[in-house]
Amino acid sequence: MKCSLIKALSLSLSLIFGLLTMSVLPISAAEPTDANGDEEYEAKKATYREKIMADDVTTDDLLIGSWVSFYSFDTDSYEYQLDQMAAAGINFNMFPRDFGSGAMFDAEYWNNVEEQYAKRNMVYQMNGSMAEKNIAIGVEYAAGKEHCIGYHVVDEPTADKFPEIARLFGIYREADQTRYPLVNLFPSYAPEWALGGTYLEHVTNYVQTVGAENIDYLSHDYYPFRDGGVVLTDIFADMEVLRSVAYENGKLKTHAFPQSTAWNGTRMPNIDEMRWNVYGYLAYGFKALSWFNLVCPGSSDTEGEGFRDSLIYRDGTIRDPELFAAWSELNWEVRGLSSILMNLDAAHAYHTDKKIRGVEYLPEDFFLQPGGGRNEFIISVMEPKEGDENYIMIFNKNTKRKEITGKFAVNLSSDVKWLEYFDPFIGEYIPVKFSDGMLTDTFKPGEGKLYRLRYDEYPQETEIPTEAPTEPATEEITVAPTEVPTQLPTEAPTESPSEFTTEAPSSKGCGGVISGMGVMISALMAAWCLRKGRKELAR
């Protein structure tokens, strides 16, 4: 009884002090004072993720997978490893079980692959090769398998192989019109004898020889993270070649290999660099990504190419659990953008600085211009395949600094009146209003943000509720924060009533000295305020 009385009196004092100090510390609608907003956001996040997991994965989705995906099944079962991938956001594998054997295996093998991928709503490619005899076998095994979406033919062919690839593609297409054959091209730093000319000539030659009508994904690889902390930013010039050739040849889908492995001459990237690698490709309109690699390739750190580290080491251990968790969240972030990005083509990817050759620079008459400071962004113009909704993606190219604030001057004479940011974690649009002709937003290192352009007038502010619902007298009374539905909470929750002090406040408080009968009066006043005047707390 004594504890309850002290607790009630303490709560009353706290509430009356809240009333007395409102003019000094107002409760802001923009800054909730409890965790309700966070809880609501996490609930939306969980719901959206469940929806993504439940939706059937096809080539109409943004695919994210891996090159080498498995370690020894003597360590962990095939099923366990697939479960681990699915939980980490992976929905696609180029080699669905055994890597690089070149064998087609048998019908029972592929039936088991289909069964396991179907259980986890993942898709895969059939093993393929440049051997014509394997085409008929692969097509036979793929028949009726809904989660088999294509055939891997060859990796990094030299230019002189293009005519033979074109011939094989014709056979694949005639034998199976529902699945695509895939070839992955060299990066620009391959030797000229392999490329057969400049990089643009190499990629253009491939498309013209094979035929754009026979290509579902135009694919390449490029590994920018080198020993000594070096980052090869010429990767953007390669992205521009793939983007422009794909765009000009029927807006083909594009595929690439973000780096997540260390081997001779390269290093293991951190999560900011991985985000930079991924969002760089998304800013250039790429529609499928395969990590190189999920699992460390090879049998030792010293043999072959010296593969020494990956997200999962070759013995099945995750050496850096924090990195693995952040990488998994990045995969889900990418998949959260799929429903929007798959309907968009990158018409342009404009760099705001002029440090890289072979890319497009932001035109002076573009409606959005960097507003000063270190402007290391890409602003991508995204055109819809269907409908009339236009988007831009703003991508922060910097990975050295932590979260930065990007400021962009908006040409208010343009037709664009405001923007909507698409949150990839909850699948909702959040209004972004221009303030004094400026767009201001924060970006994590290597982060991109997708915005829908709005040409109508910005909607009127949502009216803030003036009254909170009353609560049962038997429950502890807390102050409910007012909320703006489109703004996420930025403050930690306030303390619970049980943590309030039981001591009377000093005379330094706004309410002066409260003692003796004043405590009882305060309690009565607090109860009256809660019943009659609680709406004052929301002002």
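A brief look at the structure comes next. (Residues numbered from 1 in each chain as written. Predicted model: local features only at pLDDT ≥ 70, side-chain atom pairs only at ≥ 80, totals over all residues. Heavy atoms only, no water.)

This next bit is on the overall build of the protein chain. Secondary structure summary: the protein chain contains 13 helices and 22 strands in total. Here the protein chain, with 539 residues, has 52% of them falling under the buried criterion. In the protein chain, 75% of the contacts between residues at least 6 apart in sequence involve partners at least 24 apart. If you sum the accessible surface of the protein chain, you get close to 25300 Å²; carbon and sulfur atoms cover 52% of it. (Helix = DSSP H or I, 4+ residues; strand = E, 2+ residues; numbered from the N terminus. Buried < 20%, exposed > 50% of the residue type's maximum accessible area, 1.4 Å probe, protein only. Contact = heavy atoms within 4.5 Å. Areas by Shrake-Rupley, 256 points an atom, 1.4 Å probe, with all protein chains shown as cover.)

What follows covers the environment of Asp441. Note that Asp441 resides in strand β21 (residues 438-443). Here Asp441 falls in the buried class, since its relative accessible area comes to 16%. If we ignore the near neighbours within four places in the chain, the residues touching Asp441 are Ile404, Thr405, Gly406, Lys449 and Tyr451. At a separation of 2.7 Å, a polar atom in the side chain of Asp441 contacts the side chain of Tyr451. (Polar contact = N/O pair within 3.5 Å; in protein donor to acceptor, adjacent residues only side chain to side chain.)

Glancing now at the nonpolar core. Tyr206, Leu218, Phe236, Met274, Leu282 and Trp327 are the most contacted members of the largest nonpolar core, which has 119 residues in total. Apart from residues no more than four positions distant in its own chain, Tyr206 is found in contact with Phe162, Ile165, Phe169, Val183, Leu185, Gly211, Ile215 and Leu218. Grouped together as the second largest cluster of nonpolar side chains are 23 residues, Leu362, Ile404, Val410 and Leu419 included. (Core = buried A, V, L, I, M, F, W, Y, C linked by side-chain atoms within 4.5 Å.)

Before going further, it helps to examine the pairing of strand β9 (residues 253-256). Taking every second residue as pointing to the same face, both faces of β9 are buried, with Lys253 and His255 on one and Thr254 and Ala256 on the other. For strand β6 (residues 217-220) and β9, the ladder comprises three bridges, and the chain directions are parallel. Residue pairing in the sheet places Tyr217 in a bridge with Lys253 of β9. Where β9 lies against strand β11 (residues 288-291), two bridges are found, and the strand directions are parallel. From the neighbouring strand, His255 faces β11, where its bridge partner is Ala288. (Pairing = 2+ DSSP bridges.)

Between the first and last C-alpha of helix α10 (residues 271-283) there are 18 Å, a value that for 13 residues agrees with the 18 Å anticipated at 1.5 Å per step. Counted residue by residue, α10 has 13 buried out of 13 residues, so it is predominantly covered. With a side-chain oxygen positioned 3.0 Å from the backbone nitrogen of Asp272, the residue opening α10 is Asn270. Phi turns positive, to about 85°, at Gly285, one or two residues after α10. (Expected span 1.5 Å × (residues − 1).)

Moving on, we come to the sheet that holds β21. Read across the open sheet, the three strands follow the order β15-β18-β21; overall the sheet is antiparallel. A single partner strand is all that each edge strand has here, and the edge strands are β15 (368-370) and β21. Between one strand axis and the next, the sheet turns by 35° as a mean value, whatever way the strands run. Judged from the six bridges that link them, strand β18 (residues 404-410) and β21 form a sheet pairing that is antiparallel. In the sheet register, Gly406 faces β21, and the bridge partner there is Asp441. (Axes fitted to C-alpha atoms, helices over the stretch in contact; angles between N-to-C directions.)

Moving on: unusual backbone geometry. Omega for the peptide link from Phe292 to Asn293 comes to 5°, which places this bond in the cis form. Backbone geometry places Phe105, a non-glycine residue, at a positive phi of 65°. Following the sequence through the fold, Phe105 ends up in the loop between β2 (92-93) and α4 (107-119). Given the relative accessible area of 31%, Phe105 is considered partly exposed. Although it is not a glycine, Lys251 sits at a positive phi angle of roughly 55°. Along the chain, the position of Lys251 falls in the loop between α9 (235-248) and β9.

For the rest of this paragraph, the subject is helix α11 (residues 321-336). Given a rise of 1.5 Å per residue, 16 residues ought to cover 22 Å, and the 23 Å separating the end C-alpha atoms of α11 matches this to within 8%. Within the sequence span of α11, burial applies to Leu323, Phe324, Trp327, Ser328, Leu330, Asn331, Trp332, Glu333, Val334, Arg335 and Gly336.

Residue placement: Asn375 occurs in the loop between β15 and β16 (377-384). You can call Asn375 buried: its relative accessible area is 18%. Once residues within four sequence positions are removed from consideration, Asn375 is found in contact with Thr352, Asp353 and Pro370.

By themselves these figures say nothing about function.
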